[in-house]
Amino acid sequence: MIYNQLGNTDLKISELSFGTWAIGGAWGKTDDEEALKGLDRAMGEGVNFFDTADVYGDGHSERLLAKAAKGKEDSIHIASKFCRAGDIHDLATYSEESVRNYCEQSLQRLEREAIDLYQIHCPPMEVLQDGRVFEVLEKLKQEGKIRYYGVSVETVEEGLFVLNNTNASSLQVIFNLLRQKPLEKLFPEAVEKKTGILARVPLASGLLTGKFTRDVKFEEDDHRNFNRDGQAFNVGETFGGLEFKKGVELSNEISWIAEGRGNMTRAALKWIMQQNGVTSVIPGFKTVKQAEDNLEAVNVKGFSQEEQERLAKFYNEQVHEHIRGAY
């Protein structure tokens, strides 16, 4: 496992880390015992960074992480997020009183004295431009409630604003083989500013596992069902913004990436880890088998320059025009 410096922080985090949205909820049926086994396996293989949020299962994923990291608090770094338990467009959601409350509740669930990385959870641009939430985060940092703070963004424009107008240590960005836009401007600027990049939705909600057919049905409480066209939140969070059947078709066209790499999951994660500027990729999981597949991505062969150019051409000519939503 390679460990990368997270931006301007003193945290060295595993290049492959884990997100915990799926084990918290909104991805269909969950199994806590399986989730804990998966977390334990990841930690045993050197994963030392986990991303969560207060709204993942209404705090459930934070509680699971507290259990899994018991006794390992000094070596396991946890990032959480806040604001989506309230009205994200209301500036009161980002007031000192409100943010302190979110933070204290997360600390209780995580059973920690400080959150390693506290992130604003996809706020609208007007909140970023208002700026007062960053003053609150600076206070929490000075008080030792949080060690560092960052922002999870939906668009390149929001990311560039954060880089140029705040002291955020990290950006969390939707980035995968079917959503390559951040490579153009955002990642080079993040490198220049020494800001960490966490790549989320790396498998395009499962499209890049190569396991879906056009007719697959998702459970009612799975966001791949209820947010398929952006009905509940930004459409980019589900299938990277692609219409599902089109996404299946496009992922099938790059099934060749699995050759010599075991499967598409491992290949898609490896490609992300190779991109300049990415500090860590944070795939989710629900089963030990999925956790193990994610972990194997570290060991598979990288992509040659020729293969990378082929994938860039594929994205520019066949994918980009089909992505929906703010980007």
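Whatever comes next refers back to the structure up there.
(A) Quick peek at the pairing of strand β7 (residues 146–152). Here β7 lies mainly inside the structure; 6 of its 7 residues are buried. Pairing of β7 with strand β8 (residues 170–174), which is carried by 3 bridges, proceeds in the parallel orientation. Bridge pairing in β8 places V151 opposite L171. For the crossover from β7 across helix α7 (residues 156–165) to β8, the handedness is right-handed.

(B) Highlighting the pattern of salt bridges. Taken as a whole and assessed by the stated rule, the structure comprises 24 salt bridges. Close ionic contact of R100 with E143 constitutes a salt bridge, the shortest N to O distance being 2.5 Å. Here the residue R100 occupies a position in helix α4 (residues 96–110), and E143 occupies one in the loop between α6 (132–142) and β7, the gap between them amounting to 43 residues. You can call R100 partly exposed: its relative accessible area is 24%. Judged by relative accessible area, E143 falls into the partly exposed class, the value being 43%. Of the charged contacts, one joins R200 and E237 as a salt bridge, the two residues approaching to 2.7 Å between their closest N and O atoms. Taken together, the residues span a long stretch of sequence, with R200 in strand β9 (residues 196–200) and E237 in the loop between α9 (223–226) and α10 (244–253) at a distance of 37 residues. Taken as a pair, R200 and E237 share a single burial class, namely buried.

(C) Molecular detail of α7. When you tally the buried positions in α7, you get 7 out of 10 residues, the bulk of the element. Along α7, the positions that sit buried rather than exposed are V156, E158, G159, L160, F161, V162 and L163. Residues of α7 that are buried sit in contact with α5 (125–130), β7, β8 and α8 (186–193).

(D) Representation of the sheet that holds β9. Spatially, the 8 strands line up as an open sheet ordered β3-β4-β5-β6-β7-β8-β9-β10, and their pairing is parallel. What marks the edges here is a single partner per strand, and that holds for β3 (18–19) and β10 (280–281). Across 2 bridges, β9 lies against β10 in parallel orientation. Along β10, the bridge assignment pairs L198 with S280. Along the sheet, α6 makes contact with β5 (77–82), β6 (115–121) and β7, crossing β7 at roughly 155°.

The rules behind each value
One numbering rule holds for all chains: residues counted from 1, following each sequence as written. Local features in this predicted model are restricted to residues whose pLDDT is 70 or higher, and side-chain atom pairs enter the listing and the counts only when it is 80 or higher, whereas totals over whole chains, interfaces and linings include all residues. Values shown for side chains rest on all heavy atoms present in the structure; no hydrogens or waters enter the calculation. Here's how the labels work: a residue is buried when its accessible area is under 20% of the maximum for its type, exposed when over 50%, partly exposed in between, all with a 1.4 Å probe on protein chains only. What counts as a helix is a DSSP run of H or I of at least four residues, what counts as a strand is a run of E of at least two, and both are numbered from the N terminus. The pairing criterion is simple: DSSP has to find at least two bridges between the two strands. Look down the strands so they point away from you; if going from the first strand over the helix to the second traces a clockwise path, that crossover is right-handed. What makes a salt bridge here is a side-chain nitrogen of Lys or Arg within 4 Å of a carboxyl oxygen of Asp or Glu, nothing more. Any two residues having at least one pair of non-hydrogen atoms within 4.5 Å are treated as being in contact. Every angle, taken between N-to-C directions, lies between 0 and 180 degrees, and every axis is a line fitted to C-alpha atoms, over only the stretch in contact when it is a helix.

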